[in-house]
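So you can see what is in the structure, the chains are spelled out below.
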Amino acid sequence: MDSDPPFHETYKTLFAATKPLNNDWLAAVTAVEELELPSIDLTRLSLESPEKERCKNDIARAANEWGFFQVVNHGISRDVLEKMRDEKVKVFKQPFQHKCRGDKFMNVSAGSYRWGTPTATCLRQLSWSEAFHIPMTDISSLGDSSTFSSPSLHQFATKVASLAQKLAEILAEKSGKKSTFFQENSLLSTCYLRLNRYPPCPIPLFGLMPHTDSDFLTVLYQDQVGGLQLVKDGKWVAVKPNPEALFINIGDLFQAWSNDCYKSVQHCAVTNPTKERFSVAYFLCPSYDTVIESCSSNKPSVYRRFSFKEYRQQVQEDVQNYGYKIGLPRFLV
Ligand SMILES: O=C(O)CCC(=O)C(=O)O
Ligand SMILES: [Fe+2]
């Protein structure tokens, strides 16, 4: 189909050079147990205490024990989610050449469309997916686009942004610091949405390579196909999909700010042999100048102070030099 990126053609030498079914790493990503993530009903937040406090405690516990959880009754209606999904399908169905021309095509910044892994030297380094990376500041300028019906995108982005903010504040409060830090330091121009599409893939591959998110907190909406996996107690597990829920994960910056109380865990997406899969992630990020330091006064800091700008630069440098992100271990005291 001419909307699919030319994966086979571009990576044919990698396919020829690898016998994927014999590789241990593929066995590890395909034969994993499926688990249901802790599920938190957010209607409890509008009840009186003690139920409201119990709900906040459940959120903090999940962020500490799992780094990942799902929320239901999150306030984003099925209608908003379905419209968002319809738009994603429509935009990914455009011819590949149009998607590459991203800026003219959708009124979003040049380079917002990405696919595959240009630096991959073997199949295990390849991400079998395509994505639009859309800064929140571009979302309001999508209005003129005929392809991306902006009201749905805008509606989804606004609601998901306020949910992310609310959860960040609860987590800050529960780490012992009733804080406006996230309100003051989260900046629309650095927050972004990523629309992901994972085309069917004849052999099991990563749709998205294992990684941690370099933000405060991520909100993920995924369809019913499944493919999200994460590390729990040192083992890869598959996440049971739930299209009614939004999935929340802690990013590196929150782990550092909470002095390792909340966990930014490795996760990845794996492909499906017959079905395409869609997801959309919202990344809550601070301004580049924001300094991240431990909020805890009674325990020595695990990480040294660093700015978000410094963190991003270090990640980019490591990816360039070593082919992968090192992340927080770089900033240990
Ligand atoms: O699509 C997924 O399930 C994971 C997406 C993700 O981890 C990301 O976009 O950072
Ligand atoms: Fe991620």
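So, how was this worked out
- Residues numbered from 1 in each chain as written.
- Chains lettered and ligands numbered in written order.
- Predicted model: local features only at pLDDT ≥ 70, side-chain atom pairs only at ≥ 80, totals over all residues.
- Heavy atoms only, no water.
- UniProt positions renumbered as here; feature names shortened; annotations may be inferred.
- Helix = DSSP H or I, 4+ residues; strand = E, 2+ residues; numbered from the N terminus.
- Donors = N, O, S within 2.8 Å, 3.2 Å for Na, K, Ca; no water.
- Buried < 20%, exposed > 50% of the residue type's maximum accessible area, 1.4 Å probe, protein only.
- Pairing = 2+ DSSP bridges.
- Axes fitted to C-alpha atoms, helices over the stretch in contact; angles between N-to-C directions.
- Contact = heavy atoms within 4.5 Å.
- Expected span 1.5 Å × (residues − 1).
- Arc of directions from axis to C-beta.
- Near = heavy atom within 4 Å.
- Polar contact = N/O pair within 3.5 Å; in protein donor to acceptor, adjacent residues only side chain to side chain.
- Areas by Shrake-Rupley, 256 points an atom, 1.4 Å probe, with all protein chains shown as cover.
- 1 Å grid on protein atoms, 1.4 Å probe; cavity = no way out; pocket = protein on both sides within 12 Å on 5 of 7 lines; lining within 4 Å.
- Sits in = over half its atoms within 2 Å of the grid points.
- Points joined across faces, edges and corners; volume = space filled by probe spheres on them.
- Nonpolar A, V, L, I, M, F, W, Y, C, P; charged D, E, K, R; others polar.
- pLDDT = per-residue confidence, 0-100.
- Salt bridge = Lys/Arg side-chain N within 4 Å of Asp/Glu carboxyl O.
- Core = buried A, V, L, I, M, F, W, Y, C linked by side-chain atoms within 4.5 Å.

All right, on to the UniProt feature "domain: Fe2OG dioxygenase" (unreviewed entry) in the chain then. UniProt's feature table lists "domain: Fe2OG dioxygenase" (unreviewed entry) at residues 189-286, given in the numbering used throughout. What you have in residues 189-286 is 6% helix and 47% strand, and the ends, taken at the C-alpha atoms, are 9 Å apart.

What follows deals with the coordination of the iron ion (ligand 2). Metal coordination angles have textbook ideals: 109.5 degrees for a tetrahedral set of four donors and 90 or 180 degrees for an octahedral set of six. Coordination of the iron ion (ligand 2) by the protein involves H211 (NE2), D213 (OD) and H267 (NE2), with metal-donor separations of 2.1 to 2.3 Å. Sequence spacing of the donors to the iron ion (ligand 2): H-x1-D-x53-H. For the pair shown, H211 and D213 are each scored as buried.

Pairing is mixed across the open sheet formed by eight strands, whose spatial order is β2-β3-β11-β8-β13-β6-β5-β4. The open sheet has two edge strands with one neighbour each: β2 (39-41) and β4 (113-115). Taking each pair of neighbouring strands and ignoring which way they run, the sheet shows an average axis angle of 25 degrees. Here three bridges tie β4 to strand β5 (residues 130-135), and the two strands are oriented antiparallel to one another. In the sheet register, R114 faces β5, and the bridge partner there is A131. Seen against the sheet, helix α4 (residues 51-65) touches β2, β3 (68-72) and β11 (246-250) and runs at an angle of roughly 160 degrees to β2. Helix α5 (residues 78-92) contacts β5, β6 (192-198), β8 (217-222), β11 and β13 (277-284) of the sheet and is inclined by roughly 110 degrees relative to β13.

The end-to-end C-alpha distance of α5, which contains 15 residues, comes to 21 Å, matching closely the 21 Å that a straight helix rising 1.5 Å per residue would cover. Of all the positions in α5, only V80, L81, M84, E87, K88, V91 and F92 are classed as buried. Taken down its axis, α5 places every buried residue within 125 degrees of arc, on the same side. Projecting away from the buried face of α5 at angles above 90 degrees are the exposed residues R78 and D86.

Turning our attention to the sheet that holds strand β9 (residues 228-232). Here we have five strands laid out as an open sheet, ordered β1-β10-β9-β12-β7, and mixed in their pairing. Of all strands in the sheet, those with a lone pairing partner are β1 (34-35) and β7 (206-211), marking the two edges. Summarising the sheet, β9 and strand β10 (residues 235-239) pair through four bridges and their orientation is antiparallel. For Q229, the partnering residue across the bridge sits in β10 and is A238.

The subject of this paragraph is the site of ligand 1. Within the structure, ligand 1 sits among 13 residues, and R194, Y198, H267, R277 and S279 are positioned closest to it. Within the side chain of N196, one N or O atom sits 3.3 Å away from an oxygen atom of ligand 1. Between ligand 1 and the protein, one listed contact pairs an oxygen atom with a side-chain N or O atom of R277 at 2.7 Å. In isolation ligand 1 offers 300 Å² of accessible surface; the protein chains occlude 98% of this area. Mapping ligand 1 onto the cavity grids shows that it belongs to the largest cavity.

Moving on to the layout of surface pockets. Taken as a whole, the second largest pocket encloses approximately 260 Å³ of empty space. Looking at the second largest pocket, it is lined by 14 residues, and the ones nearest its centre are R78, L81, Y221, P243 and E244. Per-element accounting of the lining of the second largest pocket gives the leading share, four residues, to α5. Split into classes, the residues belonging to the lining of the second largest pocket amount to four nonpolar, five polar and five charged.

What follows concerns the confidence of the model for the chain. Note: predicted coordinates in regions of low pLDDT should not be interpreted at a detailed level. Across the chain, the average pLDDT comes to 89, with 89% of residues at or above 70. Overall fold confidence (pTM) sits at 0.93, and the ipTM for the predicted complex is 0.99.

A word on the pattern of salt bridges. Within this structure, the stated rule accounts for 22 salt bridges. Here R44 and D58 are joined by a salt bridge, their closest N and O atoms 3.0 Å apart. Linking R44 in the loop between β2 and α4 with D58 in helix α4, this pair joins segments that are 14 residues apart in sequence. Through salt bridges with shared partners, a single ionic network connects D4, K93, K99, E130, R197 and E276.

If you trace the backbone, T117 turns up in the loop between β4 and β5. On the accessibility criterion, T117 (14% relative accessible area) is buried. Of the polar contacts made by the side chain of T117, one reaches the backbone nitrogen of S127; its length is 2.8 Å. The residues contacting T117, other than those within four sequence positions of it, are Y11, Q125, L126 and S127.

The next point concerns the nonpolar core. Ranked by internal contacts, the top residues of the largest apolar core, which has 91 residues, are L217, F254 and Y282. Per element, the largest residue contribution to this core is twelve residues, and it comes from helix α9 (residues 150-174). Setting aside anything within four residues of it in sequence, one finds L217 in contact with A164, L167, A168, L171, I248, N249, I250, G251, F254, Y282, F283 and L284.

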